[in-house]
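The chain contents come next:
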Amino acid sequence: MYYVINGTDVEGSLERRLSARSAHLKRLEKLKDEGRLLLAGPYPAIDGETPGPAGYTGSLIVAEFDSLEDAKAWADADPYVEAGVYSNVNVKPFRKVLP
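What comes next concerns the included structure. This is a predicted model, so every value here is computed, not measured.

Let's talk about a negative patch on the surface
Thought 1: Where like charges cluster on the molecular surface, the negative patch consists of Glu64, Asp66, Glu69 and Asp70.
Thought 2: Within the secondary structure, Asp66 is located in the loop between β3 (56-64) and α2 (68-76).
Thought 3: Classification of Asp66 by relative accessible area gives exposed; the value is 75%.

Let's talk about empty space enclosed by the protein
Thought 1: For the coordinates displayed, the defined rule picks out one cavity of 30 Å³ or more.
Thought 2: For the largest cavity, the calculated volume is near 40 Å³.
Thought 3: For the lining of the largest cavity, the secondary-structure elements that each account for two or more residues are β1 (2-9), β3 and β4 (86-94).
Thought 4: For the lining of the largest cavity, the per-class residue count stands at five nonpolar, two polar and one charged.

Some thoughts on the pattern of salt bridges
A side chain with one charge can pair with a side chain of the opposite charge if their charged atoms come near.
Thought 1: Here the structure, examined in full by the defined rule, presents five salt bridges.
Thought 2: For Asp78, the salt bridge identified is with Arg27, shortest N-O distance 3.7 Å. Remark: Arg27 occurs in helix α1 (residues 14-33) and Asp78 occurs in the loop between α2 and α3 (79-82); sequence separation between them is 51 residues. Like Asp78, the residue Arg27 is buried in the burial classification.
Thought 3: Measuring nitrogen to oxygen at the nearest pair gives 3.6 Å for the salt bridge that ties Lys32 to Glu29. Remark: Glu29 and Lys32 occur in helix α1; sequence separation between them is three residues, near one turn of the helix.
Thought 4: Owing to a relative accessible area of 48%, Lys32 belongs among the partly exposed residues under this scheme.
Thought 5: A network of salt bridges, in which partner residues are shared, links Lys30, Glu34 and Arg36.

A look at the pairing of β3
Thought 1: Strand direction decides the pairing type here: β1 and β3, joined by seven bridges, are antiparallel. Across the sheet, residue Tyr2 finds its bridge partner in β3, namely Glu64.
Thought 2: One ladder, built from seven bridges, connects strand β2 (residues 37-44) with β3; its direction is antiparallel. Across the sheet, the residue bridging to Ala40 is Ile61, located in β3.

Observations regarding the environment of Ser22
Thought 1: For Ser22, the location among the structural elements is in helix α1.
Thought 2: Ser22 sits 57 residues away from Pro79 along the chain, and the two C-alpha atoms are 9.0 Å apart.

Focus: the packing of aromatic side chains
Thought 1: Enumeration over the complete set of coordinates arrives at three aromatic pairs.
Thought 2: Relative to Tyr86, the ring of Tyr80 lies with its centre 5.7 Å away and its plane at 80 degrees, an arrangement referred to as edge-to-face. For the pair shown, Tyr80 and Tyr86 are each scored as buried.
Thought 3: An aromatic cluster is present here, built from Tyr3, Phe65 and Trp74 joined pairwise through their rings.
Thought 4: The ring of Trp74 has Arg27 lying over it, and the distance from NZ or CZ to the ring centre is 4.0 Å.

The rules behind each value
- Residues numbered from 1 in each chain as written.
- Predicted model: local features only at pLDDT ≥ 70, side-chain atom pairs only at ≥ 80, totals over all residues.
- Heavy atoms only, no water.
- Patch = residues over 30% accessible without salt bridge, like charges linked within 9 Å, V, L, I, M, F, W, Y side chains within 5 Å.
- Areas by Shrake-Rupley, 256 points an atom, 1.4 Å probe, with all protein chains shown as cover.
- Salt bridge = Lys/Arg side-chain N within 4 Å of Asp/Glu carboxyl O.
- Lys, Arg positive; Asp, Glu negative; His and termini not counted.
- Charge placed at Lys NZ, Arg CZ, Asp CG, Glu CD.
- Helix = DSSP H or I, 4+ residues; strand = E, 2+ residues; numbered from the N terminus.
- Buried < 20%, exposed > 50% of the residue type's maximum accessible area, 1.4 Å probe, protein only.
- 1 Å grid on protein atoms, 1.4 Å probe; cavity = no way out; pocket = protein on both sides within 12 Å on 5 of 7 lines; lining within 4 Å.
- Points joined across faces, edges and corners; volume = space filled by probe spheres on them.
- Nonpolar A, V, L, I, M, F, W, Y, C, P; charged D, E, K, R; others polar.
- Pairing = 2+ DSSP bridges.
- Phe/Tyr/Trp six-rings, centres within 6.5 Å; stacked < 30°, edge-to-face > 60°.
- Lys NZ or Arg CZ within 6 Å of the ring centre and 35° of its normal.

Okay, here's the thing in structure tokens:
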């Protein structure tokens, strides 16, 4: 089943986000290589593709896991969590309907 992982950034997270980005992306690439990643990306703090110093307000990941507990465990081990980028992370089951 798919699960939505929604992380909300702490205020002024850009520096922490950049320092942990490569490790964060490496984990996402692994999910992608396993065919389990539906989509992933950050929420820009401003209306634009590249927010520059405005940074981001959070991230969205939709990926396949065996259970809610597995999805939560994966999210808890995210480098962004370890680096203090997120103020909180919410994980919910997700059922893809379209497209």
